[in-house]
Amino acid sequence: MAEEGSVRRRAGLIATDSSESRWVFQDEDDSDAEDQEDLHPQMSFDSEEEENAEQRLIRTGPRIDSFDVEALEVHGAQRNDDDDFTIGRKIVLAFQTLGVVYGDVGTSPLYTFSVMFNKSPIHGEEDVLGALSLVLYTLILISLIKYILVVLWANDDGEGGTFALYSLICRHANVSLLPNQQPSDARISSFRLKVPSPELERSLKIKEKLESSLTLKKLLLMLVLLGTSMVIANGVVTPAMSVMSAVGGLKVGIPGIKQDQVVMISVAFLIILFSVQKFGTSKVGLAVGPALFIWFCSLGGIGVYNLIKYGRSVFRAFNPVYIYYFFKRNSTHAWLSLGGCLLCATGSEAMFADLCYFSVRSVQLTFVFLVLPCLLLGYLGQAAYLMENLTVSDQVFFYSIPSGAFWPVFFIATIAALIASRAMTTATFSCIKQSTALGCFPRLKIIHTSRKLMGQIYIPVINWFLLVSCVVLVCSFSSINEIGNAYGITELGVMMTTTILLPIVMLLIWQINIIIVLSFLVFFLGLELTFYSSVLWSVGDGSWVILVFGAILFLIMYIWNYGSKLKYETEVKQKMSMDLLRELGCNLGTIRAPGIGLLYNELVQGTPAIFGHFLTTLPAIHSMIIFVCIKYVPVPVVPQSERFLFRRVCPKSYHIFRCIARYGYKDVRKENHQTFEQLLIESLGKFIRREAQERSLETDGDDDMESEDEASSSRVLVAPNGSVYSLNVPLLADFNCSDRTFSEVGTSTEVRPVHVSDLSVSDTEQSLEWELSFIRKAKESGVVYLLGHGDIRARKDSWFIKKLVINYFYAFLRKNCRRGIANLSVPHTNLMQVSMTYMV
């Protein structure tokens, strides 16, 4: 085998690579399992039955995907790649990028100067130049350098946003505190998809520190939840701010219009906006993309017109010294105006959060060659107008429009404001889907609006909740200045979360020089904290409401995560023992009726306690039982060929299997129950055939090799990326069953040798055909979904706060959230449910 591939030595292991398969041996001097654990403390997993003997020799296919090994990187995984798009497709994406991503930042010229000069009135031309200089450098530093050139590259396989950053970190270090992260769950999650390079000692030390500190794990999760709550709050403020600022232009075109009328018109536009949201990103984005392109061209054109008419002296603002003069002249008022200055960079986070809809290159190129030049021209033109009209500080943009073009530009500005509102609404949907999939938000109905692009979604409940919140906000705050301060609070909350998480990615994954990372962190976090101090100082004007709103969202997510984690841990502790099942016998102490029972549970290891409740409650149980676990793992996409993983729970005669259906947080679960059943049964058939194939391979193996296998006490695996894994896989003989021993493998191409009885080839084939025939007959008899509805209640001796959180808040959320089985649209005639309450 040494001739088939290259031989690599790592930690006393010899791994032989081959394009067809991979055999791995362990040297005799390194057979001690404890030595392996010392060498690779994060790469050994507990098996379902402890203290089982282990194999020494394995053969794996080119793709690693089994029940016992975490899903390593698979070539079939979907990725966002610019090379996959034709020129025509890139043009379409460019228009959709304008319509979905840049609406928010594109409409910032409508209100930035108005809010700034409300806090710091104009006293001279130097004030205009100082304010303009602040805006220019804020736009360049935050939007261009931080987000476009740096943050966009920290995407998780094309997915952006706060939770994508968290997921990316979890894939490289075991820092997750999500409810499904037991040691056994690590076998199917891909958070170690790429292990930090051993050449960089700092990266490994950071990884070890993060994994060993529970406090750091909790702080990291709380930071992510806080950033997510600010994203959702931003989805409320953005439509209110954008629409009101655009409709407010009517007071310039029609002098007699009142503010109350502006509010009512704004409410009408908001209702229309959220009503068309259900038509999807693709349809709406393609329709409004050209409109926003016209808006950017108009913005740049008006800027050029004002520069020609009023002079080009405003170009002096590119000299940052005017920022110093601005603060020297206005001191406190200049500091308060920083909250308004930040509004020029609003929508920067949306560029990252909406990345799942488009490619990195399309977002970058569109911003650099179209969006940024038009924005700079727009701000320069407004400043040129102000240099000649120092008394005008409100609705500066509309006053600077040439009189003959006012109404066409007003119409385009209103359309652009509606598009801007959609930008954060779309980002909010994406963020909530990610947090739901990773166990940090109650399950909601999610509608996928595109058959081609899985990231395009619509959440009805959140859509109407945002509408009601926006209407209340618009009616409560009569001025865009007050809303602008609340806008700054939510935007800065998300920005600072990203700024704190990104250095972890830089050190752990990118492995950048620590001086560069610290410079990035100190500079941008210091800059954003300066802005934040400004907006917090004005929180008493009513913008405290948005802080309360964000705090409520944070508590909802934290309580859901805390309750789900307690429930999962309790189910793990109270699972049924294998000894009890063996004592019951293959009939499980009851009658086995024809058919397949799919028992849904959250455990990836062990027999759920709810199964015992079914046995004692029902007069009969199905002839075949499959424990189905729907598991969301912190990776964007799980390929369909890697979806199902199987294992036998008991000897053959029991006909009990465990199946894990794995989904990434970008995966679409749109299949109906018939399709799901068909895919599951087909995968089960592949599992059984592969099991029989392994027996044949082992039977035909060399006697000397078999003896060596039996004497071995450890087994290791070298993955395609060079990582070394120590595995603990139970031998089926340890079940002490009367039946012949059986193997435990996944539905992938991995092959393991297993001890079996001396069967002839014909007996093996007969056994295989008999079991496949048994499955077909059970499928023909019908499939029933056995739902174990587990609730948790706090013990009587628990603290009062714990009782309040678990018995009331978490119970309320769980009662009103969407059930996981609802995604499969199972008819009621195929459902059977048993409830069980756990005391925690």
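**A few points about the overall build of the protein chain**
Right, so step 1: When its secondary structure is counted, the protein chain shows 28 helices and 14 strands.
Right, so step 2: A sequence separation of at least 24 residues applies to 83% of the contacts in the protein chain between residues at least 6 apart.
Right, so step 3: A total of about 33100 Å² of accessible surface is found on the protein chain, and carbon and sulfur atoms cover 59% of it.

**Comments concerning unusual backbone geometry**
Right, so step 1: The backbone phi angle of Ser-331 is positive, close to 45 degrees, even though this residue is not glycine.
Right, so step 2: Tracing the chain through its elements places Ser-331 in the loop between α12 (321-330) and α13 (332-336).
Right, so step 3: A positive phi angle, near 55 degrees, is found at His-655, a position not held by glycine.
Right, so step 4: Here His-655 is to be found in the loop between β9 (644-648) and β10 (656-664).

**A few points about the nonpolar core**
Right, so step 1: One finds Tyr-102 and Trp-295 to be the most contacted residues of the largest nonpolar core, which totals 152 residues.
Right, so step 2: Each residue touching Tyr-102, except ones within four places of it in the same chain, is listed here: Thr-97, Ile-148, Leu-292, Phe-296, Met-351, Val-363, Gln-364, Thr-366, Phe-367 and Val-371.
Right, so step 3: In terms of nonpolar packing, the next biggest core, distinct from the first, is built from 34 residues, Leu-618, Ile-625, Tyr-654 and Ile-792 among them.

**As for the environment of Tyr-458**
Right, so step 1: Following the sequence through the fold, Tyr-458 ends up in strand β6 (residues 457-458).
Right, so step 2: Sequence separation of Tyr-458 and Lys-433 is 25 residues, and the distance between their C-alpha atoms is 9.6 Å.
Right, so step 3: Side chain to side chain, Tyr-458 and Asn-463 meet in a polar contact 3.5 Å long.

**What to know about the pattern of salt bridges**
Right, so step 1: Applying the stated rule across the entire model yields nine salt bridges.
Right, so step 2: We note a salt bridge from Glu-528 to Lys-146, for which the minimum N-O separation is 2.5 Å. With Glu-528 in helix α21 (residues 514-537) and Lys-146 in helix α5 (residues 125-148), this residue pair connects regions lying 382 residues apart in the sequence. Both residues of the pair, Glu-528 and Lys-146, belong to the buried class.
Right, so step 3: Salt bridges sharing common partners tie together Arg-648, Lys-652, Glu-691 and Glu-771.

**Thoughts on α12**
Right, so step 1: Considered for burial, the residues of α12 that qualify are Tyr-322, Ile-323, Phe-326 and Asn-330. Take α12 and look down its axis: the buried residues cluster within an arc of 105 degrees, on one side only. Those residues of α12 that are exposed and aimed more than 90 degrees away from the buried face are Tyr-324 and Lys-328.
Right, so step 2: Summarising the contacts, the buried residues of α12 are in contact with α5 and α13.
Right, so step 3: One or two positions beyond α12, positive phi appears at Ser-331, with a value near 45 degrees.

**Here's the deal with the side chain of Lys-146**
Right, so step 1: Assessed through its relative accessible area of 0%, Lys-146 is described here as buried.
Right, so step 2: Side-chain polar atoms of Lys-146 contact the backbone oxygen of Met-495, separated by 3.1 Å.

**Description of the sheet that holds strand β13 (residues 783-793)**
Right, so step 1: Spatial strand order, β9-β10-β8-β7-β13-β14: six strands in an open sheet with mixed pairing. The outermost strands of the open sheet, each flanked by one partner alone, are β9 and β14 (831-839). In this sheet, adjacent strand axes meet at a mean angle of 25 degrees when their direction is disregarded.
Right, so step 2: Strand contacts of helix α24 (residues 609-617): β7 (591-600), β8 (620-633), β13 and β14, with the helix running at about 120 degrees to β14, the strand carrying the most contacts.

**Looking at the packing of aromatic side chains**
Right, so step 1: A full pass over the atoms with the stated rule returns 30 aromatic pairs.
Right, so step 2: When the ring of Phe-406 is compared with that of Phe-410, the centres are 6.3 Å apart and the planes differ by 10 degrees; the resulting orientation is stacked. In this pair, Phe-406 and Phe-410 are both assigned in helix α18 (residues 406-437), four residues apart and thus about one turn of the helix distant. There is no split in this pair, since Phe-406 and Phe-410 are both buried.
Right, so step 3: Residues Trp-560 and Tyr-810 carry aromatic rings whose centres are separated by 5.4 Å and whose planes lie at 40 degrees to one another, so their mutual orientation is tilted. One end of the pair, Trp-560, is in helix α22 (residues 544-573); the other, Tyr-810, is in helix α28 (residues 800-816), with 250 residues separating them in the sequence. Tyr-810 shares its class with Trp-560; the two are buried.

**Digging into the pairing of β7**
Right, so step 1: Of all ten residues making up β7, seven are buried, and the element is well covered by its neighbours.
Right, so step 2: Relative to β13, β7 runs parallel, the two sharing five bridges. Directly across from Leu-599, in β13, lies its bridge partner Leu-786.

**Thoughts on the packing of α5 against α12**
Between two packed helices, what matters for the description is the angle formed by their axes and the separation of those axes.
Right, so step 1: α12 packs onto α5 with a crossing angle of 125 degrees between their chain directions and a minimal axis gap of 8 Å. Classified by the interaxial angle, the pair formed by α5 and α12 is oblique. Judged by the sense of rotation from one axis to the other, the crossing of α5 with α12 is left-handed. Together, Glu-126, Asp-127, Leu-129, Gly-130, Ala-131, Ser-133, Leu-134 and Tyr-137 of α5 and Tyr-322, Ile-323, Tyr-325, Phe-326, Phe-327, Arg-329 and Asn-330 of α12 make up the contact between the two elements.
Right, so step 2: When the residues that make up the contact of α5 with α12 are grouped by side-chain class, the tally is nine nonpolar, three polar and three charged.

**Observations concerning the packing of helix α6 (residues 162-170) against helix α20 (residues 480-510)**
Right, so step 1: The contact between α6 and α20 brings their axes to 10 Å, and the two run at 20 degrees. As the angle between them shows, α6 and α20 are arranged roughly parallel. The two elements α6 and α20 meet at a crossing, and its hand is left-handed. Taken together, the residues of α20 that come into contact with α6 (itself represented by Thr-162, Leu-165, Leu-168 and Ile-169) are Val-494, Thr-497, Thr-498, Leu-501, Leu-502, Ile-504, Val-505, Leu-508 and Ile-509.
Right, so step 2: Classifying every residue of the contact of α6 with α20 by side-chain character gives ten nonpolar, three polar and no charged.

**Looking at the side chain of Thr-590**
Right, so step 1: By the secondary structure assignment, Thr-590 is in the loop between α23 (578-584) and β7.
Right, so step 2: Its relative accessible area of 18% is what places Thr-590 among the buried residues.
Right, so step 3: In terms of polar contacts, Thr-590 uses its side chain to reach the backbone carbonyl oxygen of Pro-619, at 3.1 Å.
Right, so step 4: Excluding residues that lie within four positions of it along the chain, Thr-590 makes contacts with Leu-615, Leu-618, Pro-619, Ala-620 and Ile-621.

**Considering the confidence of the model for the protein chain**
Right, so step 1: Of the residues in the protein chain, 74% have a pLDDT of 70 or more, and the chain-wide mean is 75.
Right, so step 2: Mean pLDDT in the protein chain bottoms out at strand β2 (residues 13-16), which sits at 30, and peaks at α5, which reaches 94.
Right, so step 3: Taken as a whole, residues 702-759 scores under 50 in pLDDT and shows 197 contacts with residues more than four places along the chain or in a different chain.

**Here's the deal with helix α10 (residues 259-275)**
Given 3.6 residues per turn, any residue in an α-helix points the same way as the ones three and four places further on.
Right, so step 1: The terminal C-alpha atoms of α10 lie 25 Å apart, and with 17 residues this matches the ideal 24 Å at 1.5 Å per residue to within 8%.
Right, so step 2: Listed as buried for α10 are Val-262, Val-263, Ser-266, Val-267, Leu-270, Leu-273 and Phe-274. Angular distribution of buried residues about the axis of α10 spans 140 degrees; they occupy a single face of the element.
Right, so step 3: Packed against the buried residues of α10 are α8 (214-247), α9 (250-253), α18 and α19 (460-476).

**So, a nonpolar patch on the surface**
Right, so step 1: Taken together, the side chains of Leu-216, Leu-219, Met-222, Tyr-558 and Tyr-562 make up a nonpolar region of the molecular surface, amounting to roughly 400 Å² of accessible area.
Right, so step 2: Looking at the nonpolar patch, the elements that each hand over two or more residues are α8 and α22.
Right, so step 3: Mapped onto the secondary structure, Leu-219 falls in helix α8.

How each quantity is defined
Residues numbered from 1 in each chain as written. Predicted model: local features only at pLDDT ≥ 70, side-chain atom pairs only at ≥ 80, totals over all residues. Heavy atoms only, no water. Helix = DSSP H or I, 4+ residues; strand = E, 2+ residues; numbered from the N terminus. Contact = heavy atoms within 4.5 Å. Areas by Shrake-Rupley, 256 points an atom, 1.4 Å probe, with all protein chains shown as cover. Core = buried A, V, L, I, M, F, W, Y, C linked by side-chain atoms within 4.5 Å. Buried < 20%, exposed > 50% of the residue type's maximum accessible area, 1.4 Å probe, protein only. Polar contact = N/O pair within 3.5 Å; in protein donor to acceptor, adjacent residues only side chain to side chain. Salt bridge = Lys/Arg side-chain N within 4 Å of Asp/Glu carboxyl O. Arc of directions from axis to C-beta. Pairing = 2+ DSSP bridges. Axes fitted to C-alpha atoms, helices over the stretch in contact; angles between N-to-C directions. Phe/Tyr/Trp six-rings, centres within 6.5 Å; stacked < 30°, edge-to-face > 60°. Parallel < 35°, antiparallel > 145°, perpendicular 65-115°, else oblique. Left-handed = near helix turned anticlockwise from the far one by under 90°. Nonpolar A, V, L, I, M, F, W, Y, C, P; charged D, E, K, R; others polar. pLDDT = per-residue confidence, 0-100. Expected span 1.5 Å × (residues − 1). Patch = residues over 30% accessible without salt bridge, like charges linked within 9 Å, V, L, I, M, F, W, Y side chains within 5 Å.

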